[in-house]
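# Survey of secondary and tertiary structure
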Amino acid sequence: MSNELRRIPVSELALGMYVAKLDRPWTDTPFLFQGFFLHHDDELDLIRRYCQHVFIDVARGDGQAEDPDASRTITRVTNLRGPTPAKAPAPGRRVTYERAAAVEYEMPSARAIYDDTAKAAKEVVRHLQETGHLNLDLAQQVVAQVMDSVLRNPDAMTWLARMKTHDEYVYQHSVNSCVWGLAFGRHLGLDRQAIYEIGLGCMLQDVGKTRLPALLLAKTGPLSPAETRVIRSHVEHSVAIMQHTPGVTQRMLDMVQYHHERFDGSGYPTGLKGNDIPTFAKIGGMVDCYDALISPRPYAIQLTPHLALREIYTWRGNLFQPEVVEQFMQVVGVFPTGSLVALNTGVVGVVISQNESRRLRPRLMLILDEKKKRLSRFETVDLLNDQPWSDPEKYWIDRHVDAAAYGIDPHSLYL
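Rules used in this analysis
- Residues numbered from 1 in each chain as written.
- Predicted model: local features only at pLDDT ≥ 70, side-chain atom pairs only at ≥ 80, totals over all residues.
- Heavy atoms only, no water.
- Helix = DSSP H or I, 4+ residues; strand = E, 2+ residues; numbered from the N terminus.
- Contact = heavy atoms within 4.5 Å.
- Areas by Shrake-Rupley, 256 points an atom, 1.4 Å probe, with all protein chains shown as cover.
- Expected span 1.5 Å × (residues − 1).
- Buried < 20%, exposed > 50% of the residue type's maximum accessible area, 1.4 Å probe, protein only.
- Core = buried A, V, L, I, M, F, W, Y, C linked by side-chain atoms within 4.5 Å.
- Salt bridge = Lys/Arg side-chain N within 4 Å of Asp/Glu carboxyl O.
- Pairing = 2+ DSSP bridges.
- Axes fitted to C-alpha atoms, helices over the stretch in contact; angles between N-to-C directions.
- Parallel < 35°, antiparallel > 145°, perpendicular 65-115°, else oblique.
- Left-handed = near helix turned anticlockwise from the far one by under 90°.

## Here we look at the overall build of the protein
A count of helical and extended segments in the protein gives 15 helices and nine strands. A sequence separation of at least 24 residues applies to 67% of the contacts in the protein between residues at least 6 apart. Looking at the protein as shown, the accessible area adds up to about 17900 Å², and 50% of this sits on carbon and sulfur atoms.

The structure is reproduced here in structure tokens:
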């Protein structure tokens, strides 16, 4: 944030401005973070509902509306580049992937692929533990299928990654990291080969944990310094496994070796910082952290996706490069797919898919009426395209809802 902050009433806000600070704690608003460009009229309407005045960063926004899908995004992609032998995406080569299937039609296929991938992840681990060799062919097969689903529509797979659980965290985490990595690569507009390598790298970046004591991995209490050193040694084991596996690319090896490095140099194993961290490792590190936060783990509290993003945003510029955080937040969405939300009318619904151009106006499946009674028939509405729901003056998402507050089991709603 620069020092060129100017206080203005919300009535004077314009598209293209960069809002650096609110007149109240940001946790009291639906906004995930302080510090964002205003791209759409509904964003202006939302901030005017919650604030009387804001502080804009004059150096970052001049009041001219920006196209969120134009060169600004390309610049952010190229800014992720680190000093790695592998080439980062070239400016002007961003790929746009159209949603080829609605989430309702993609979900059955995605569910079958997800389950196959979970079984494959277990088999990869079993084979590695028994033989000492990584079955890369099996991992490649299932990642290719997951990638095809994510490219058709990322919402189905990312919803499953949020909701599906397995008997051990290591399997769930490897599969879910693969899904989030593929969705991130798709959002960044990378080519298919790059997206594929990200997905495969995310799935395998913690394979070295198979060589650590199971009791240590399952420990619920604080780790001693000696135990911490053992846990961190999984990176060394992972690198050794990958280096002895034909078909592993340099970018995948970068992810395995450096995804625990942090932007401020506080990570491990070598303390790299800033742009010394390779591009794909920055992506892998972001994905690894987010999925860990939203997953049930023996040693930490599971966070909702909304709270996880808020936590990650506090690490912006410290643990993670700001551009990486901002782009990943767009992947997950202000109101993540699968989360429960309440409209201003009191109606409660689950977010079933994102409208990529308008993250504040997703598609919902309504499940509770204004009095919080379960609807006899769930209704699907699009807050961007369906009348009268698309009228931002009448309908908007007011807040996130805790599923437990109304006895809702998100797993049974749509999956």
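## Considering helix H4 (residues 136-152)
Over its 17 residues, H4 runs 24 Å from end to end, which matches the ideal 24 Å to within 8%, given 1.5 Å per residue. Within H4, the full set of buried residues consists of Leu-136, Leu-138, Ala-139, Val-142, Val-143, Val-146, Met-147, Ser-149, Val-150 and Leu-151. Those residues of H4 hidden inside the fold are in contact with helix H3 (103-131), helix H5 (154-163), helix H6 (169-188) and helix H7 (192-204).

## Regarding the nonpolar core
Judged by nonpolar contacts, the single largest core of 84 residues is most densely connected at Met-157, Phe-184, Leu-204, Tyr-290 and Phe-328. Ranked by residue count, the leading element in this core is H3, at 10 residues. If sequence neighbours within four positions are ignored, Tyr-290 has contacts with Trp-180, Pro-305, Ala-308, Leu-309, Ile-312, Phe-328 and Val-332. Counting residues in each nonpolar core, the second largest holds 30 residues, with Val-10, Val-19, Trp-26 and Leu-366 among its members.

## Observations regarding the pattern of salt bridges
The final tally for this structure, using the stated rule, is 12 salt bridges. The residue Asp-155 makes a salt bridge to Arg-99 at a minimum N-O spacing of 2.2 Å. Within this pair, whereas Asp-155 is found in helix H5, its partner Arg-99 is found in the loop between helix H2 (71-79) and H3, the two being separated by 56 residues in sequence. Of the charged contacts in the structure, one is a salt bridge between Arg-363 and Glu-104, with a shortest N-O distance of 2.5 Å. Of this pair, Arg-363 sits in strand S7 (residues 363-368) while Glu-104 sits in helix H3, placing them 259 residues apart in sequence. Salt bridges sharing partners connect three or more residues here, namely Glu-123, Arg-126 and Glu-130.

## With respect to the pairing of strand S6 (residues 348-353)
Across the six residues that make up S6, a large majority, six, are buried. One ladder, built from three bridges, connects strand S5 (residues 340-343) with S6; its direction is antiparallel. Looking across to S6, one finds that Val-341 is bridged to Gly-349. Where S5 folds back on S6, the antiparallel hairpin that results is connected by four residues, among which Gly-346 adopts a positive phi of roughly 100°. One ladder, built from five bridges, connects S6 with S7; its direction is antiparallel. Paired with Gly-349 across the bridge in S7 is Leu-366.

## Concerning the environment of Gly-346
Looking at the secondary structure, you find Gly-346 in the loop between S5 and S6. Gly-346 gets classed as buried once you look at its relative accessible area, which sits at 14%. Considered as a pair, Gly-346 and Lys-372 are 26 residues apart in the sequence and their alpha carbons are 7.6 Å apart. Those residues within four positions of Gly-346 in sequence are excluded, and the remaining contacts are Asp-369, Glu-370 and Lys-372.

## Some words on the sheet that holds strand S2 (residues 18-22)
If you walk across this open sheet you meet the four strands as S1-S4-S2-S3, and the pairing is antiparallel. With partners counted over all chains shown, the strands left at the sheet margins are strand S1 (5-9) and strand S3 (36-37), one partner each. Here S1 runs beside strand S4 (residues 53-57); their pairing, made up of five bridges, is antiparallel. Bridge pairing in S4 places Ile-8 opposite Val-54.

## Brief notes about the packing of H5 against H6
The axes of two packed helices give the description: the angle between them and the distance between them. Put simply, H5 and H6 touch, their axes get as near as 9 Å, and they point 150° apart. One finds that H5 runs roughly antiparallel with respect to H6. For the crossing formed where H5 meets H6, the hand is left-handed. Along the contact surface, H5 presents Pro-154, Met-157, Thr-158, Ala-161 and Arg-162, while H6 presents Asn-176, Val-179, Trp-180, Ala-183 and Arg-186.

Take it as geometry only, folks, not as evidence of what the structure does.
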